[in-house]
Amino acid sequence: MSHSRHRRAGMVRSHTATGGDLTPARQGLDAATLLLADAGQPVTGLAAQPRRVMELCLPGVLSVSEVAAHLHLPGPVVRVIVSRLLDSGHLSARAPFVPTASSPHSAEVLRKVLVALEKL
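Everything numeric in this text was worked out from a predicted model, so none of it was measured.

*Asks:* Just to check I follow, could you spell out the overall build of the protein chain for this structure?
*Replies:* When its secondary structure is counted, the protein chain shows five helices and three strands. Each helix and strand of the protein chain, placed in order from N terminus to C terminus, yields the pattern α-β-α-β-α-α-β-α. Every one of the 120 residues in the protein chain was classed for burial, and the buried ones make up 26%. Long-range pairs, those at least 24 residues apart, make up 74% of the contacts in the protein chain with a sequence separation of at least 6. Of the roughly 8,000 Å² of accessible surface on the protein chain, 60% is carried by carbon and sulfur atoms.

Listed below in C-alpha cells is the structure:
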C-alpha cells in the first residue's frame, strides 16, 4: 500500500470511529486520564469502537493512552469516543494518581537512585 493510501485509510478510519467529529466535548482529558466503566450501563446500541472501549475498561481501570494502544487509534480520536461515553454515563474519569513525596528522606533516596543509575 502506498504511503498516501495508508494515510488516507487512517483518516477514513478515524473519521468512521468518531462519526465524523474530531473534537472531544470534554476538556481536560489527556493520555493519563484513568477510565472506569459502569458495569450497569448497557453496551447494546453502542457503535463498535465505543463498545470496544467499554469491553476494555470493564475488567478494571485503563488510561486513555492504554485504550488508544489497544484500539490502534490516535489519542485524539479515542478522546472523542471517551468523551461521548463520559457524557452518556458509560464511563467515569479520574485524574491519575500521583503520589506526593511525604518523606523528608525523599531527596536522599532520589540521589541514591541517581548514583545507582549512573553506575549502570
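*Asks:* Hey, could you run me through the nonpolar core in this one?
*Replies:* In globular proteins that are soluble, nonpolar side chains generally tend to be buried together. Val53, Val67, Val78, Val82 and Leu91 are the most contacted members of the largest nonpolar core, which has 20 residues in total. For this core, the secondary-structure elements that each account for two or more residues are α2 (48–57), α3 (64–71) and α4 (75–87).

*Asks:* Explain the side chain of Ser63 to me, please; I cannot follow it from the model alone.
*Replies:* One can find Ser63 in strand β2 (residues 62–63). The exposure class assigned to Ser63 is buried, which follows from its relative accessible area of 8%. Apart from the residues lying within four places of it in its own chain, the contact partners of Ser63 are Ala31, Ala32, Thr33, Leu34 and Leu35.

*Asks:* Any chance you could explain a nonpolar patch on the surface here in plain terms?
*Replies:* Side chains of Val109, Val113, Leu117 and Leu120 sit close together on the surface and give an oily, nonpolar patch of about 430 Å² of accessible area. Along the chain, Leu120 falls in the segment after α5 (106–119).

*Asks:* What is the right way to read α2 from this model?
*Replies:* Each α-helix turn comprises 3.6 residues. Residues three or four places apart therefore point the same way. Listing the buried residues of α2 in full gives Gln49, Pro50, Val53, Met54, Leu56 and Cys57. All buried residues of α2 project into a common sector of 160 degrees when viewed along the axis, lining one side.

*Asks:* Mind showing me how you'd approach the sheet that holds β2 here?
*Replies:* Hydrogen bonds between backbone groups are what pair the strands of a sheet, and the pairing can be parallel or antiparallel. Strand order in this open sheet of three strands is β2-β1-β3, and the pairing throughout is antiparallel. Each of the sheet's edge strands pairs with one partner strand only, and the pair in question is β2 and β3 (91–94). Here strand β1 (residues 34–37) pairs with β2 via two bridges, running antiparallel. Residue pairing across strands places Leu35 opposite Leu62, the latter belonging to β2.

*Asks:* Looking at this structure, how should I read α4?
*Replies:* An ideal rise of 1.5 Å per residue puts 18 Å on 13 residues; α4 measures up with 18 Å between its terminal C-alpha atoms. Of all the positions in α4, only Val77, Val78, Val80, Ile81, Val82, Ser83, Leu85 and Leu86 are classed as buried. A positive phi of about 85 degrees marks Gly89, the residue just after α4.

*Asks:* Would you mind going over the packing of α2 against α3 with me for this structure?
*Replies:* Packed helix pairs are characterised by how far apart their axes lie and by the angle those axes make with each other. Orientation of α2 relative to α3, taken along the N-to-C sense of each, is 120 degrees, at an axis distance of 11 Å. With respect to α3, the axis of α2 lies oblique. Judged by the sense of rotation from one axis to the other, the crossing of α2 with α3 is right-handed. On α3, the residues that touch Gln49, Arg52, Val53, Leu56 and Cys57 of α2 are Val67, His70 and Leu71. Taken together, the residues of the contact of α2 with α3 break down into five nonpolar, two polar and one charged.

Cut-offs applied
- Residues numbered from 1 in each chain as written.
- Predicted model: local features only at pLDDT ≥ 70, side-chain atom pairs only at ≥ 80, totals over all residues.
- Heavy atoms only, no water.
- Helix = DSSP H or I, 4+ residues; strand = E, 2+ residues; numbered from the N terminus.
- Buried < 20%, exposed > 50% of the residue type's maximum accessible area, 1.4 Å probe, protein only.
- Contact = heavy atoms within 4.5 Å.
- Areas by Shrake-Rupley, 256 points an atom, 1.4 Å probe, with all protein chains shown as cover.
- Core = buried A, V, L, I, M, F, W, Y, C linked by side-chain atoms within 4.5 Å.
- Patch = residues over 30% accessible without salt bridge, like charges linked within 9 Å, V, L, I, M, F, W, Y side chains within 5 Å.
- Salt bridge = Lys/Arg side-chain N within 4 Å of Asp/Glu carboxyl O.
- Arc of directions from axis to C-beta.
- Pairing = 2+ DSSP bridges.
- Expected span 1.5 Å × (residues − 1).
- Axes fitted to C-alpha atoms, helices over the stretch in contact; angles between N-to-C directions.
- Parallel < 35°, antiparallel > 145°, perpendicular 65-115°, else oblique.
- Left-handed = near helix turned anticlockwise from the far one by under 90°.
- Nonpolar A, V, L, I, M, F, W, Y, C, P; charged D, E, K, R; others polar.

Geometric descriptors of this kind do not, in isolation, establish any biological role.
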